[in-house]
Amino acid sequence: MSESISTPDKPEPLPEVEDAKDLFSKFDPLIKQRQDLLDSGLEDPFGLVMERVLSPVTAVCNGRETILLGTYNYMGMTFDPEVIEAGKSALENYGSGTTGSRVLNGTYVGHKDVEDALCEFYGMDHAMVFSTGYQANLGIISTIAGKGDYIVLDIDSHASIWDGCAMGNAEVVPFKHNDLEAMEKRLKRIPEGAGKLVVLEGVYSMLGDIAPLKEMIAIAKSHGAMVLVDEAHSMGFIGPNGRGVAEDQGVLDDVDFVIGTFSKSVGTVGGFCVSNHPKFEIMRLVCRPYVFTASLPPSVVATAATSIRKLMDAGDKREHLWENSKRLHKGLRDLGFELGTEEPQSAIIAVIMPDLERGAGMWEALLKEGLYVNLARPPATPAGMTLLRCSLCAEHSEEQVGQILTMFEAAGKAVGII
Ligand SMILES: Cc1ncc(COP(=O)(O)O)c(C=O)c1O
């Protein structure tokens, strides 16, 4: 005789409440805009899958070999044999993850080593590594500028900077992008005796333009403010030693905190802050996005340390990347595209699209030609612009830049933009 297995009673559904509000309803306009775009037959520009990655500058997407012109792999370190070897060795010797915070069980020799590599790279006394660049901004800004302090920042600052400001509860005073006069006006209005932090970026990633850091830092210092510069998009490339725009403009010594990331030129993932502030080490105990999260895996810090040390001696790559940037900027301008900057200022060249529909159409046409670029749209972009953001890599060959221009010409004509 077989025993019957009893099933638990199905629970009664909860009663419906009449005035219940769906918290997702605020996203309805965006859901509709996205659906309209997809219904028009265009491929989802935010859903691309890299099926295979062949090199820092090529991948297989939709079964087709594609040139990558929309990564932040500026220095092409992701497939460097020494970087890969360092990662493999750390994976084998230290395991796949630390399973803990930096202040408990999550600091291995590799974490100390990558912080030493950063101190060597920047010539600074202290380096603190976070799990992402986003967390580095979130942690440092929110911890050093709290209630009653003032943060004066460029209105085009990255989301992680804004989020760091919000988390710390400081008074936030934005000023017009790269406008020295507007910045000084804001600083003058801050009550006497209040703590002041000026937050700037070296390269602004949407248009690829740089900040006049020399002038801005002089103004900030004359008003008694501390200065934080996010050099996410300049590390490795800009400046004689690749230390960024502050180095290039001769003012690195006047910067109190440099924020950076491993997810761009370094070629892996992670974030950091370097500083000469004598009390900087206390941050390790008081900075919540550092304390209350797991540390980076050993393989990641090993690849980062190897990459950073190689970037110290990468003058030839820097030179080639500048050549690529100048060649692409001139070529696109000659074709009749409207660009984000008059002259190339970084490895990012933004092509301004007339609207989202034609921007998405152009993005898809380029992909079909075999070229991947970033489609950027509000709220990430300034002034409601739709952009095709091209980010060059030191591993793009001169021939590839020529191919890229041919693809832009074909796509631009097909979509009716040039
Ligand atoms: C200026 C800036 N800061 C910080 C970050 C965050 O870096 P991560 O990717 O390491 O979180 C980014 C990322 O795009 C950035 O553009």
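Residues numbered from 1 in each chain as written. Predicted model: local features only at pLDDT ≥ 70, side-chain atom pairs only at ≥ 80, totals over all residues.

Taken together, 13 residues form the shell around the ligand, and within it Thr132, Gly133, Tyr134, Ala232 and Thr261 come nearest. Ranked by residue count, the leading element in the shell around the ligand is helix α4 (residues 133–144), at 3 residues. Considering only residue class, the shell around the ligand consists of 2 nonpolar, 9 polar and 2 charged. (Near = placed C-beta within 6 Å. Helix = DSSP H or I, 4+ residues; strand = E, 2+ residues; numbered from the N terminus. Nonpolar A, V, L, I, M, F, W, Y, C, P; charged D, E, K, R; others polar.)

This brings us to the domain arrangement of the chain. The figure often quoted for interface size is the accessible area lost as the parts come together. Each assigned domain of the chain is listed with its residue range as follows: domain 1 (43–75 + 315–415) and domain 2 (81–311). Spacing between the C-alpha centres of domain 1 and domain 2 amounts to 27 Å. The interface is formed by 19 residues belonging to domain 1 together with 20 residues belonging to domain 2. Of all the elements in the fold, those that place two or more residues in the side of domain 1 that touches domain 2 are α12 (315–335) and β13 (348–353). If you tally residues by element for the side of domain 1 that touches domain 2, the top one is β13, at 3 residues. Tallied by class, the residues present in the side of domain 1 that touches domain 2 amount to 12 nonpolar, 6 polar and 1 charged. (Domains from an automatic or database assignment. Contact = placed C-beta atoms within 7 Å.)

Turning to the sheet that holds strand β16 (residues 386–391), a few remarks are in order. If you walk across this open sheet you meet the 3 strands as β13-β16-β15, and the pairing is antiparallel. The open sheet is flanked by β13 and β15 (374–376), the only strands paired with a single partner. When strand polarity is set aside, the average angle formed by the axes of neighbouring strands in this sheet is 30°. Pairing analysis gives 6 bridges linking β13 to β16, with the strands arranged antiparallel. Counterpart to Ile352 in the pairing with β16 is Leu387. Seen against the sheet, α12 touches β13 and β16 and runs at an angle of roughly 15° to β13. (Pairing = 2+ DSSP bridges. Axes fitted to C-alpha atoms, helices over the stretch in contact; angles between N-to-C directions.)

Moving on, we come to the environment of Gly47. Tracing the sequence through the fold places Gly47 in the loop between α1 (28–39) and β1 (50–55). Accessibility expressed as a C-beta count within 10 Å gives 7 for Gly47, which makes it exposed. Along the primary structure Gly47 and Tyr134 are separated by 87 residues, whereas in three dimensions their C-alpha atoms are 22 Å apart. (Buried ≥ 20, exposed ≤ 12 C-beta atoms within 10 Å, placed from the backbone.)

All right, on to the sheet that holds β1 then. Pairing within the open sheet is mixed, and its 4 strands lie in the order β1-β2-β3-β14. Of all the strands in the sheet, the pair left with one neighbour each is β1 and β14 (371–372). Judged from the 4 bridges that link them, strand β2 (residues 58–61) and strand β3 (residues 64–68) form a sheet pairing that is antiparallel. Looking at β3, one finds that Val60 is bridged to Glu65.

Another aspect to go through is the pairing of strand β6 (residues 171–175). When strand β5 (residues 150–154) meets β6, the two strands line up parallel, connected through 5 bridges. Paired with Tyr150 across the bridge in β6 is Glu171. In this fold, β5 hands off to helix α5 (residues 159–168), which returns the chain to β6; that crossover is right-handed. (Right-handed = clockwise from strand over helix to strand, strands pointing away.)

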